[in-house]
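One-letter residues, chain by chain:
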Amino acid sequence: MGLDGLARLHGLFAAYKPPGLKWKHLRDTVELQLLKGLNAGKRPASEHRVRFLLGPVEGSEEKELTLTATSVPTLIDHPLVRGPAFTSLKIGMGHRLDAQASGVLVLGVGRGRRLLTDMYNAHLTKDYTVHGLLGKATDDFCEDGRLVEKTTYDHVTREKLERILSLIQGSHQKALVMYSNVDLQTQEAYEMAVSGVLRPMNKSPMLVTGIRCLQFAPPEFLLEVQCMHETQKQLRRLVHEIGLELKSTAVCTQVRRTRDGFFTLDDALLRTQWDLPSIQDAIQSAAPRVAAELENNLRPGLGTQPFSPGWPWDSEGPSSALGLESHAGH
Amino acid sequence: MAMLAQQIPRWLNSIKLSSFLTAMQLRKCFPRAGKTLLPGFFAQPQLSSDDCFLRSGFKTYRTSSVWNGSQFTNSSSQEIKCAPNTLLPSVNEPSQKIPSFDSELSLEGLDDLPPLSPLQPISEEEAVQIIADPALPPSSFTLRDYVDHSETLKKLVLLGVDLSKIEKHPDAANLLLRLDFEKDIKQILLFLKDLGIEDNQLGTFLTKNYAIFSEDLENLKTRVAYLLSKNFSKVDIAQMVRNAPFLLSFSVERLDNRLGFFQKELELSVKKTRDLVIRLPRLLTGSLEPVKENMKVYRLELGFKHNEIQHMITKIPKMLTASKRKVTETFDYVHNVMCIPHHIIVKFPQVFNSRLFKVKERHLFLAYLGRAQYDPGKPNYISLDKLVSVPDEIFCEEMAKASVQDFEKFLKTL
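Numbering of residues begins from 1 in every chain and follows the order in which that chain's sequence is written. Whichever chain is written first becomes A and whichever ligand is written first becomes 1, with later ones labelled in order. At least 70 in pLDDT is required for a residue's local features to be given in this predicted model, at least 80 for side-chain atom pairs to be given and counted, and no such filter applies to totals for whole chains, interfaces and linings, which use all residues. Here the side-chain values reflect all heavy atoms present in the structure, with hydrogen atoms and water set aside.

Draft legend 1. Seen up close, the interface of chain B and chain A. Contacts were defined at the residue level, with two residues in contact if any of their heavy atoms lie within 4.5 Å. With 32 residues of chain B at the interface, the matching set in chain A holds 35 residues. Here the buried area means the combined drop in accessible surface, using a 1.4 Å probe, for two parts upon being joined, counting both sides. Both faces considered, chain B and chain A share a buried interface measuring about 3100 Å² in area, 61% of it formed by carbon and sulfur atoms. Identification of polar contacts relies on pairs of N or O atoms within 3.5 Å, with a donor-acceptor requirement for protein atoms, meaning one able to donate a hydrogen and the other able to accept it, and with residues adjacent in sequence counted only if both atoms are side-chain atoms. In this structure, the connection of chain B to chain A is made through 15 residue pairs in polar contact (both at pLDDT 80 or more). Those elements that place two or more of their residues in the side of chain B that touches chain A are α6 (124-129), α7 (151-159), α8 (163-166), α21 (356-369) and α24 (404-411) of chain B. As a working rule, the residues Ala, Val, Leu, Ile, Met, Phe, Trp, Tyr, Cys and Pro are called nonpolar, Asp, Glu, Lys and Arg charged, and the rest polar, with Gly in that last group. Of the residues contributing to the side of chain B that touches chain A, the split by class is 13 nonpolar, six polar and 13 charged. A helix here means a DSSP run of H or I that spans at least four residues, while a strand means a run of E at least two residues long, and both kinds are numbered starting from the N terminus.

Draft legend 2. Highlighting the confidence of the model for chain A. Residue and element names in this part refer to chain A. Each residue carries a pLDDT value, the predictor's own confidence for that position, ranging from 0 to 100. In this model, chain A carries an average pLDDT of 86, and 88% of its residues clear a pLDDT of 70 or more. The least confident element of chain A is strand β2 (residues 48-56), whose mean pLDDT is 79; the most confident is strand β5 (residues 102-109), at 96. Across residues 302-306, confidence stays below pLDDT 50; counting only partners more than four residues off in sequence or on other chains, it has ten contacts. Predicted confidence for residues 309-330 stays below pLDDT 50, and this span has 39 contacts to residues more than four positions away or in other chains.

Draft legend 3. View of the pattern of salt bridges. A pairing counts as a salt bridge when a side-chain nitrogen of Lys or Arg comes within 4 Å of a carboxyl oxygen of Asp or Glu. Counted according to the given criterion, the structure contains 26 salt bridges over all chains. Residue Arg158(A) pairs with Glu162(A) through a salt bridge whose shortest N-O separation is 3.1 Å. You can see Arg158(A) and its partner Glu162(A) sitting in helix α5 (residues 158-179), four residues apart, about one turn around the helix. Residue Asp392(B) is joined to Arg362(B) by a salt bridge in which the shortest nitrogen-to-oxygen separation is 2.9 Å. You can see Asp392(B) sitting in helix α23 (residues 392-400) and its partner Arg362(B) sitting in helix α21, a full 30 residues away along the chain. It is possible to trace a salt-bridge network through shared partners that takes in Arg27(A), Asp28(A) and Glu31(A).

Draft legend 4. Layout of the state of the cysteines. Residue and element names in this part refer to chain A. Cysteine sulfur atoms are paired as a disulfide whenever they come within 2.5 Å of each other. If you walk through the whole model with that rule in mind, you get zero disulfides over all chains. Free cysteine: Cys252, not disulfide-bonded; nearest cysteine sulfur from Cys142 at 6.5 Å. Three exposure classes are used, based on accessible area relative to the maximum for each residue type with a 1.4 Å probe and protein chains only: buried under 20%, partly exposed in between, and exposed over 50%. Here Cys252 falls in the buried class, since its relative accessible area comes to 2%.

Draft legend 5. Representation of the side chain of Thr328(B) in the model. Within the element layout of this structure, Thr328(B) appears in helix α19 (residues 324-337). Discounting residues that sit within four places of it in the chain, Thr328(B) has contacts with Val297(B), Glu301(B) and Leu302(B).

Draft legend 6. Molecular detail of unusual backbone geometry. Following Pro218(A), the chain continues to Pro219(A) via a peptide bond in cis, the omega torsion being 5°. By the element assignment, Pro219(A) lies in the loop between β9 (207-217) and β10 (220-228). Even without a glycine there, the phi angle at Lys247(A) is positive, about 60°. Among the secondary structure elements, Lys247(A) is positioned in the loop between α7 (232-245) and β11 (250-260). For Lys247(A), a relative accessible area of 71% gives the class exposed. One non-glycine residue with positive phi stands out, namely Lys401(B), at about 50°.

Draft legend 7. Structural context of the environment of Glu149(A). Residue and element names in this part refer to chain A. The residue Glu149 is located in strand β8 (residues 147-150) in this model. For the pair formed by Glu149 and Gln169, sequence separation is 20 residues and the distance between their alpha carbons is 27 Å. Setting aside residues up to four positions removed in sequence, Glu149 forms contacts with Gly135, Lys136, Ala137 and Thr249.

Draft legend 8. Quick peek at the packing of aromatic side chains. Aromatic pairing here means that ring centres of Phe, Tyr or Trp (its six-membered ring) are within 6.5 Å. Orientation follows from the plane angle: under 30 degrees is stacked, over 60 is edge-to-face, and everything else is tilted. According to the stated counting rule, one finds eight aromatic pairs over all chains in the structure shown. If you follow Arg271(A) out to its NZ or CZ, it ends over the ring of Phe357(B), 3.4 Å from the centre. Note on geometry: a ring has a charge over it if NZ (lysine) or CZ (arginine) is within 6 Å of the ring centre and within 35 degrees of the ring normal. Lying over the aromatic face of Phe395(B), Arg362(B) brings its terminal NZ or CZ to 4.6 Å of the ring centre.

Draft legend 9. Fine view of the side chain of Asn209(B). All names here are of chain B. Note on placement: Asn209 falls in the loop between α11 (199-208) and α12 (217-229). Asn209 sits in the buried class, given a relative accessible area of 0%. Ignoring any residue separated from it by four or fewer positions in sequence, one finds Asn209 in contact with Pro245, Phe246 and Ser249.

Draft legend 10. Fine view of the pairing of β11(A). Residue and element names in this part refer to chain A. Most of β11 sits out of view: ten of its eleven residues are buried. Criterion used throughout: strands pair if DSSP finds at least two bridges between them. Sheet analysis places β5 next to β11, joined by two bridges and oriented parallel. If you follow Ser102 over to β11, its bridge partner there is Arg256. Pairing of strand β6 (residues 126-134) with β11 involves nine bridges; the strand directions are antiparallel.

Draft legend 11. Region of interest: the nonpolar core. Formed by 116 residues in total, the largest nonpolar core has its most connected members in Phe263(A) and Leu192(B). Ranked by the residues each element gives to this core, the list is headed by helix α10 (residues 181-195) of chain B, at seven residues. If we ignore the near neighbours within four places in the chain, the residues touching Leu192(B) are Ile197(B), Leu202(B), Phe205(B), Leu206(B), Ile212(B) and Leu248(B). In this structure, Phe13(A), Leu89(A), Leu97(A) and Val156(A) belong to the second largest nonpolar core, which totals 49 residues. What makes a nonpolar core is a set of buried Ala, Val, Leu, Ile, Met, Phe, Trp, Tyr and Cys residues whose side-chain atoms join them at distances within 4.5 Å.

Draft legend 12. Focus on the packing of α21(B) against α23(B). All names here are of chain B. Axis definition: a line fitted to C-alpha atoms, over the contacting stretch in the case of helices. Angles run 0 to 180 degrees between N-to-C directions. At a closest axis distance of 12 Å, the pairing of α21 and α23 adopts a crossing angle of 25°. Considering the angle they form, α21 stands roughly parallel to α23. For the element pair α21 and α23, the recorded crossing hand is right-handed. Between α21 and α23, the contacting residues are Arg362, Phe365, Leu366 and Leu369 on the first element and Asp392, Phe395, Met399 and Ala400 on the second. Of the residues belonging to the contact of α21 with α23, the class tally is six nonpolar, no polar and two charged. Here is the rule for angles: anything less than 35 degrees is roughly parallel, anything more than 145 is roughly antiparallel, 65 through 115 is roughly perpendicular, and the remaining ranges are oblique. By convention, the crossing between two helices is left-handed when the near helix turns anticlockwise from the far helix through less than a right angle, and right-handed when the turn is clockwise.

Draft legend 13. Examining the pairing of strand β1 (residues 11-17) of chain A more closely. Residue and element names in this part refer to chain A. Within β1, seven of the seven residues are buried, which leaves the element mostly enclosed by the surrounding structure. Burial along β1 is two-sided: Gly11, Phe13, Ala15 and Lys17 and Leu12, Ala14 and Tyr16, pointing in opposite directions, are all buried. Of the pairings in the sheet, the one linking β1 to β5 comprises seven bridges and is antiparallel in character. Counterpart to Phe13 in the pairing with β5 is Leu107.

Draft legend 14. Up close: helix α9 (residues 170-178) of chain B. Listed as buried for α9(B) are Pro170(B), Ala172(B), Ala173(B), Asn174(B), Leu176(B) and Leu177(B). Buried residues belonging to α9(B) abut α7 and α8 of chain B.

Draft legend 15. Structural view of the UniProt feature "domain: Pseudouridine synthase II N-terminal" (unreviewed entry) in chain A. UniProt positions are given in the numbering used here, feature names are shortened, and annotations may be inferred rather than shown by experiment. Residues annotated by UniProt as "domain: Pseudouridine synthase II N-terminal" (unreviewed entry) correspond here to residues 88-232 of chain A. Between the end C-alpha atoms of residues 88-232 of chain A the distance is 30 Å, and the span holds 30% helix and 32% strand.

Draft legend 16. Structural detail: helix α13 (residues 234-243) of chain B. All names here are of chain B. Looking only at α13, the buried set comprises Ile237, Ala238, Met240 and Val241. The arc enclosing the buried residues of α13, seen along the axis, measures out at 165°, which places them on a common side. The inward-facing, buried residues of α13 contact α10, α11, α12, α15 (270-279) and α16 (282-285). It is the directions from the helix axis to the C-beta atoms that the arc portrays.

Now the structure itself:
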């Protein structure tokens, strides 16, 4: 363990942040667990040191003294004197999640922190599942906020919802093209747009590249949103605005990130897996994929893969990221 | 006296700063520089424990800047530790000669000596006898530099005391460096062994409560006698001291006050109070304000009756010192979301001892599967204590009747 444990601890991995936990606490917990694992190994400690001492010359009869090298016991390297080998680790955080949101959270350890910057600069999209509740409006768009308004929602149907969603998608598509700073009249730009690679490669406001309704059971509904440069609060505001467009009101009950770039729910480590061996394995297994994707995305042009992996537009049914049938949140 | 100053470091290296010397003693030794610079020369120093050797040794010299400023400002920063002056020679050098030392030196010889230059050629034998070990640093932030030169520290390490934790408290480290193992420390260790603390437990005890060395042995004995008079058995006292190392550093009045407080506040019988204190001795060493507040919270905010609180506390003493916020959050979830009434919570106070996220995750999984039945009257009842205390595999198998992978998949949908 120890040093070779540390050698395998450079890279990116994804953790699943449960709701109610602040991202900083998660980072600190992961750091503590990794330190515990690294310090558990035995450290080679020398129990002797060499000193040059005066001693009588062998074979001489006079009392002549000369320096000889002798190995004397020492306590300098004793574990109780030296202390633990590792006292801190450098762990970086990818795109943050606020306390009430949950989902995939990318962390970088050691040299992997540089890859975090590369991931940020690749401007990949993220997938969210957003649960909404019709019938009330609150000040912070969450279910437990201060109630502002209550409305009826009997008139809301799935068609109306989907019409509004497509309106939203259309307007965001226009914004996408605008913020990408390309002239759509050129052939290259057109081909990029057609293959779905077009996106802004610098700062922009939140852009929704895809939104659809997975389940509609009034008063609850479930949306899947694919977006970039977002914050979770903006997603909740989106739900609120959808409610307003439907001539009713809505609050957001759950925001869950299912994909961040190329890290999906399957790669995310649960709380019980936040320890040294699992994180090392996760880093090792993610490393080739990370390298390939980052190389692709940082190279501009048509050779790049579509940045929204696996969302075929015309396939029906819930996405694979959902896993189980999602239950009513509370 | 520049060259004198240059000679001094080499000379000092040889004696390893191992004792307190007056200026005149230093001075007199100078002419015999070659042959008498042997370590182990100051075998059993009779020392005053006030001054650092270096400070007094150098007072009379206008020394070079190398030795000047650093070690004399003892009061300035936290990091400075004076070189220990209770050192015995660190290395067994039985073959060394210990020359007789004339202790009646006077200051008169100070100005008469011919100056020795480092460029002066000396014979091979003299050269061999100059021992130039690296000097002990006059001040350090770690005890690693001194551990090989101090018998006290060596014996403490072999006992199991964690010096890397003690060196974070500079006062404690300075204290340990100055103490003599035979005189002070041994008596207290023997006292602790009498009390019933085993050899292998002494290390952890001393790492926490290093200040016990500055306590008077008589006081410690009085406190143990007081506890015995309150009908705590010897075994109990040993257990209490092990779990709460600072217990013996509290005076008899303080201990009395605390025991009295718990008796009055909790209104338990004498025997039950005693059992409570033996189980959680840090009640006696910690602050009393959180306990008072927690009692009020349980009674007024959470609505438990006094006998219910007494029952819960005798089962889980930690509830008295638990954080108020966590207790209220846990109770809020268990009572309002899981809809468990008071009398069942009283039967299983272990919920207050477990992490809230665990309770939440397991309850949500059971609710999803439709097995969240906490009413003992109905079938498929799941008891609260099993809900929180069993490990994940057993929980999934027996209570949820699902696999651990299903539980993990469910957790990823929360």
